[in-house]
Amino acid sequence: MSFAREASRAIRSTIVLWVISAVIYPFVMIAFGQIVFPSQVNGSLIRDSRGQIVGSSLIGQPFSSDRYFNSRPSTTSYSTADPKKDEAKVLQTGVSGASNLAPSNSALIERIKGKDDPDPSKRVKGDLNRLKTAGVQPTADLVYTSGSSLDPHITPEAARAQITRVAKARGVQPQQLETLINQNTDGRFLGLFGEPGVNVLRLNLALDSLKAAS
């Protein structure tokens, strides 16, 4: 068998394998995902009552108003940048990331105010004072960021700790908010892995619907 014939067979085999693995397989997986898991493959996007995309169930967003359940402190700035003063191009790049501050780092504890601190809201002492002033019993996830700083969930305990404040700000019954929290609590994966969590964006969208209905 000649070298040319062996080389030709090798080239044909390479082309066939490339078409199968680099063209056919990816497109089959894309089609499968769009049919079976359309929400997940498109980013788990969340829409409001008007059908407009307001975020993803996988990415946390900052909420600080007394009228809403506050989210976990985050170092993300993609959704809080001012479009008119976006020198860092945050809205274009979607910059986010963890602080990487160790528990022994004093910067994690002290709240630093001023231009040199791009995200003072996560400083522990300041958040503790703010929560106590608002009548909210602080929980760990209302004070510390997650490892990724993108966590969209808080614990059910953290959500319930805010019921009194939100109910007062909105003029609704605490029992109504308790029901909303239960409806928007995600259980353990397969009933075994992880801990129950409340998706803050979904909860606050349901909260707006409750206010409109009342």
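Bear in mind the structure is a predicted one, so any value in this text is a computation, not a measurement. The numbering scheme is per chain: residues are counted from 1 as the chain's sequence reads. With pLDDT at 70 or above as the cut-off, local features in this predicted model cover only qualifying residues; side-chain atom pairs require 80 or more to be listed or tallied, and sums for whole chains, interfaces and linings still use all residues. Hydrogen atoms and water are omitted, and side-chain values are computed over all heavy atoms in the structure.

*Asks:* Tell me what's going on with the overall build of the protein chain, and back it up with residues and numbers.
*Replies:* Where helices and strands are cited, they refer to DSSP runs of H or I of at least four residues and of E of at least two residues respectively, numbered from the N terminus. The helix and strand inventory of the protein chain stands at 9 helices and 5 strands. What you see in the protein chain, going N to C, is helices and strands ordered as α-α-β-β-α-α-α-β-α-α-α-β-β-α. Exposure categories follow from relative accessible area, calculated using a 1.4 Å probe and restricted to protein chains: below 20% of the type maximum is buried, above 50% is exposed, and the middle band is partly exposed. Classification of the 214 residues of the protein chain by burial places 30% in the buried group. A separation threshold of at least 6 residues defines the contact pool for the protein chain, and within that pool the share at least 24 residues apart is 50%. Taken as a whole, the protein chain presents about 13,800 Å² of accessible surface, with 58% of it coming from carbon and sulfur. Between two residues, a contact is recorded if the distance between any of their heavy atoms is within 4.5 Å. Residue-level accessible areas treat just the shown protein chains as cover; the underlying method is Shrake-Rupley with a 1.4 Å probe.

*Asks:* Talk me through empty space enclosed by the protein; I want residue IDs and the actual numbers.
*Replies:* Site definitions follow a grid-based scheme: protein atoms alone, a 1 Å grid, a 1.4 Å probe that fits but cannot get out for cavities, and for pockets an open set with protein on both sides within 12 Å along at least five of seven lines, plus lining residues having an atom within 4 Å of a point. Grid points are joined across faces, edges and corners, and a volume is the space filled by probe spheres set on the points. Per the counting criterion, the structure on display carries 2 cavities of 30 Å³ or more. Here the second largest cavity defines a volume of roughly 30 Å³. Surrounding the second largest cavity, I59, G60, Q61, S71, P152, V200 and L201 form its lining. Among the residues making up the lining of the second largest cavity, the classes are represented as 4 nonpolar, 3 polar and no charged. Residue type decides the class: Asp, Glu, Lys and Arg count as charged, Ala, Val, Leu, Ile, Met, Phe, Trp, Tyr, Cys and Pro as nonpolar, and the leftover types, Gly among them, as polar.

*Asks:* Break down the UniProt feature "transmembrane region" (unreviewed entry) in the protein chain for me, citing the residues and quoting the values.
*Replies:* UniProt positions are given in the numbering used here, feature names are shortened, and annotations may be inferred rather than shown by experiment. UniProt's feature table lists "transmembrane region" (unreviewed entry) at residues 15–37, given in the numbering used throughout. Helix makes up 96% of residues 15–37 and strand 0%, with an end-to-end C-alpha separation of 31 Å.

*Asks:* So what's going on with the confidence of the model for the protein chain? Which residues, and what values?
*Replies:* pLDDT expresses, on a scale from 0 to 100, how confident the predictor is about each individual residue. Here the protein chain shows a mean pLDDT of 75. Residues at 70 or above account for 73%. Confidence, expressed as mean pLDDT per element, reaches its minimum in the protein chain at helix α3 (residues 90–93) with 50 and its maximum at helix α1 (residues 3–36) with 91. Counted against residues more than four places away or in other chains, residues 111–122, with its pLDDT under 50, gives 17 contacts.

*Asks:* Can you tell me about the pairing of strand β2 (residues 53–56), naming the residues and giving the values?
*Replies:* Looking down a regular strand, the side chains alternate between one sheet face and the other. In this sheet, β2 lies alongside strand β1 (residues 45–47) in antiparallel orientation, the contact comprising 3 bridges. Bridge pairing in β2 places R47 opposite I53. Should DSSP find at least two bridges between two strands, the strands are taken to pair.

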